[in-house]
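# Examining the three-dimensional arrangement
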Amino acid sequence: MKSHVSVRIRPLAAKELGKDNIQTTARAVDDYSVCITEPTPDSSDDHLRKDRSKGRIYAFDQVFGETATQEEVFERTVGGLIESVVAGFNATVFAYGATGAGKTYTMLGTDTSPGIISLTLSALFATLEPTPTTTFTVTLTYLEIYNENIRDLLSGKADYLDLREDAGRGVVVAGITAVCARSPAEVLGFLRKGNRYRTQEATGANEVSSRSHAVLQVLVGCTTKGASGRRTERFGKLSMIDLAGSERAAETKNRGMRMIEGANINRSLLALGNCITALAEPSKRGKYVNYRDSKLTRLLKDSLGGNCRTAMIANISPASSNFDETLNTLKYAMRARTIKTKVTQQITTRFDPYNSTIQDLRSEIGALKDRLVRAESTTILPLPPIPIPPIGTSTSTHTLSSPFLLPGTSTQTGDHPPRPGTKDSVLTSAQRRSVTSAGSGVEEQSMFTDVKAMLEKLFKDHRTVRRKVVEMGDGDTGRMEEIDEEIRSIRASIPRSLDRRSRAYLDLMIQTHFTYIENQDLHHLHALQTALQTLTSTTLTQATRRTDLLTHLAVLQRPYIPPDPPPAIQDLVDRIADLVTDGGSSTEPDVGELEDR
């Protein structure tokens, strides 16, 4: 794929318009060609150039005149590369030209007229449309090459970084700051932050001359998740480069540090021109190209001759004072048009083997949760208090409900449990299917075995107690045998197509149901016996009290016969009576004798 080369002609600057004998040497013929004319010599007696052809026409992919806007340049040069970057292709846009030709204005622009970098980033985020199955990531780095040293513009540190060769990613900068951006405003904020640290100085040719090459790289990642664990990842890298312009010391009047900077800039641009020449010549294609002469060419290795779509914007000045620089820029641009690159899509498709396993586990967890809910709804609860029916009421009509029965069903202590297959059956066919279709695991199997052993022990103890109670009563074991026969018939009706575990589960449910019914009978019998004992005790107490009362009444109704007094007492009584009778006698009674008696 050939590189896309465009030419942009800037208007004459105010400083150039103030010069004497200034001439316009470059103009756009149409949208695809530019005409350059040699300036007219000052002396009319220049016979060597008198009959020389004055104009040359160069054809390019796109030519922008002096009145072209930033939006027009963006749409015709970079607009078509954004979708390819999102699709997983690499792309590079760089401005090339002499100092003061308008490269920085084309790439960065101003606050009122944003450049290609700002417009490209805004269009890039407008293209990214995340979906439930597609996610995008945007990561950017910003650096400058100043005097053949690499500096990180996003970190703000003055430390120099090193270039490294990576087998998978190619040429990378070790230790550079990479930031993630989520919106165009955030990216432009990082860009403005980096531009504050970029080296710019005033020269005789340009008041805001860039003294370094600025490289902004944006890595766009796209991840798409498909069915059955298939995941597609695409990575596209967009590099936007603002090159420092070549300059002549006589024109810029640089001295000291500015001259050293200009020499380094020219050296890196010379290495870039040599790489373009080597890649453009058909005889040298496929041979060694020396990218190691400069760190700039090492960074642009993929952009020039590798896996990348390249768009070059050659900026030229129409002033006659810059004719030589303009001519050299057009020659390099013509050579760059012949460079061909082999572009491949950077896409990887991965099949996640764990995704299907995760889906299966989630389904199994959902099934186990449903079974847990059903198990909690059938938990054996303590028996509720049983109301004692009045004495004389038939217990055969007393309805008992079982927690093991389905809602709306009941059983009676005097009747047999419902037969399987009927509408009142404890286990319907739908429940049997749900029991059969439930999955099994190692831990669940162990828990089921423990619970089964515990229930079977409880059933055995219950049957022993039941038999003893029956033998202590009337000794009639016919009812127990009838229940055993009923259990055997229900077990026989279990389909043999069920697996071993399902049959064991149904057998436990059947035994639990009949055990509950027998428990209800025992509770009811115990309640009746307690009531009878209480009534008997009360009756005996009342009879005892009535007997005692009757005995007392018989004693009170008999006549009272006092007993005979002792002889001494009787003699005393007779003497006192005689004294009372003989009240008029003069004889004094013997008081001492009376007291002794």
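Here the structure is a predicted model, which is why all the values come from computation and not from measurement.

## Digging into the packing of helix α2 (residues 70–77) against helix α5 (residues 116–127)
It is at 10 Å that the axes of α2 and α5 come closest, and there the two elements cross at 60°. For the element pair α2 / α5, the angle class is oblique. Classified by chirality, the crossing of α5 by α2 is right-handed. Every residue of α5 that contacts α2 at Q70, E71, V73, F74 and T77 is listed here: I116, L119, T120 and A123. Along the lines of polarity and charge, the residues of the contact of α2 with α5 split into five nonpolar, three polar and one charged.

## A few points about the side chain of E148
Here E148 is to be found in the loop between β7 (134–146) and β8 (149–152). One buried charged side chain, E148, makes no salt bridge at all; its nearest oppositely charged neighbour is R267, positioned 4.6 Å away. A distance of 3.1 Å separates a polar atom in the side chain of E148 from a polar atom in the side chain of S294. At 3.2 Å, the side chain of E148 and the backbone nitrogen of K295 are in polar contact. The contacts of E148, once residues within four sequence positions are left out, are N264, R267, S268, S294 and K295.

## What about the nonpolar core?
If you look at the biggest cluster of nonpolar residues, it comprises 46 residues, and the most contacted ones within it are V34, F60, Y96, L243, L272, L304 and L330. The greatest single-element share of this core, amounting to eight residues, is contributed by helix α8 (residues 257–280). Aside from chain neighbours lying at most four places away, what touches L330 is V7, V34, I36, Y58, F60 and I316. Counting residues in each nonpolar core, the second largest holds 40 residues, with F74, A181, V187 and F190 among its members.

## Points about the packing of aromatic side chains
Taken as a whole and judged by the stated rule, the model has one aromatic pair. Ring geometry for Y96 and Y332: centres 5.8 Å apart, planes at 70°, overall edge-to-face. Taken together, the residues span a long stretch of sequence, with Y96 in strand β6 (residues 91–97) and Y332 in helix α11 (residues 323–337) at a distance of 236 residues. Accessibility assignment for this pair places Y96 and Y332 in one class, buried. The ring of F89 is capped by R309, whose NZ or CZ atom sits 4.7 Å from the centre of that ring. Here the basic side chain of R335 rests over the ring of Y332, its NZ or CZ set 5.6 Å away from the ring centre.

## Structural notes on the environment of A68
By secondary structure assignment, the location of A68 is in the loop between β5 (62–64) and α2. Take A68: its relative accessible area is 14%, and that puts it in the buried class. Considered as a pair, A68 and P11 are 57 residues apart in the sequence and their alpha carbons are 9.9 Å apart.

## Overview of the pattern of salt bridges
Summed over the entire model, instances satisfying the criterion amount to eight salt bridges. One salt bridge in this structure joins R164 and D162, with 3.8 Å as the shortest N-O distance. The class for R164 is partly exposed, based on a relative accessible area of 46%. A salt bridge links E165 to R292; the nearest nitrogen and oxygen atoms lie 3.8 Å apart. Placement of E165 in strand β9 (residues 160–166) and of R292 in the loop between α8 and α9 (295–299) is noted, with a sequence separation of 127 residues between them. E165 sits in the partly exposed class, given a relative accessible area of 45%. Note on R292: relative accessible area 54%, which makes it exposed. Here the residues in one salt-bridge network are E165, R292 and R298, joined through shared partners.

## A short note on the side chain of R198
By the element assignment, R198 lies in the loop between α6 (184–196) and β12 (200–201). Here S212 takes part through its backbone oxygen, which lies 2.8 Å from a polar atom of the side chain of R198. A distance of 2.8 Å separates polar atoms of two side chains, one belonging to R198 and the other to D242. Among all residues touching R198, those that are not within four sequence positions of it are L108, E144, L153, S210, S212, H213, A214 and D242.

## Some thoughts on the packing of α8 against α11
Direction vectors running N to C along α8 and α11 enclose 40°, while the axes themselves pass 8 Å from each other. Taken together, the axis directions place α8 and α11 in an arrangement best described as oblique. Seen from above, α8 lies across α11 with left-handed handedness. Between α8 and α11, the residues in contact are G273, I276, T277 and A280 and Y332, R335 and A336, respectively. When its residues are assigned to classes, the contact of α8 with α11 shows four nonpolar, two polar and one charged.

## Details of unusual backbone geometry
Although it is not a glycine, N147 adopts a positive phi angle of roughly 55°. Take N147: it is sitting in the loop between β7 and β8. Since its relative accessible area comes to 17%, N147 is described here as buried. A positive phi angle, near 65°, is found at E148, a position not held by glycine. Residue E148 is classed as buried on the basis of its relative accessible area, which comes to 13%.

Analysis parameters
Residues numbered from 1 in each chain as written. Predicted model: local features only at pLDDT ≥ 70, side-chain atom pairs only at ≥ 80, totals over all residues. Heavy atoms only, no water. Axes fitted to C-alpha atoms, helices over the stretch in contact; angles between N-to-C directions. Helix = DSSP H or I, 4+ residues; strand = E, 2+ residues; numbered from the N terminus. Parallel < 35°, antiparallel > 145°, perpendicular 65-115°, else oblique. Left-handed = near helix turned anticlockwise from the far one by under 90°. Contact = heavy atoms within 4.5 Å. Nonpolar A, V, L, I, M, F, W, Y, C, P; charged D, E, K, R; others polar. Buried < 20%, exposed > 50% of the residue type's maximum accessible area, 1.4 Å probe, protein only. Lys, Arg positive; Asp, Glu negative; His and termini not counted. Salt bridge = Lys/Arg side-chain N within 4 Å of Asp/Glu carboxyl O. Polar contact = N/O pair within 3.5 Å; in protein donor to acceptor, adjacent residues only side chain to side chain. Core = buried A, V, L, I, M, F, W, Y, C linked by side-chain atoms within 4.5 Å. Phe/Tyr/Trp six-rings, centres within 6.5 Å; stacked < 30°, edge-to-face > 60°. Lys NZ or Arg CZ within 6 Å of the ring centre and 35° of its normal.

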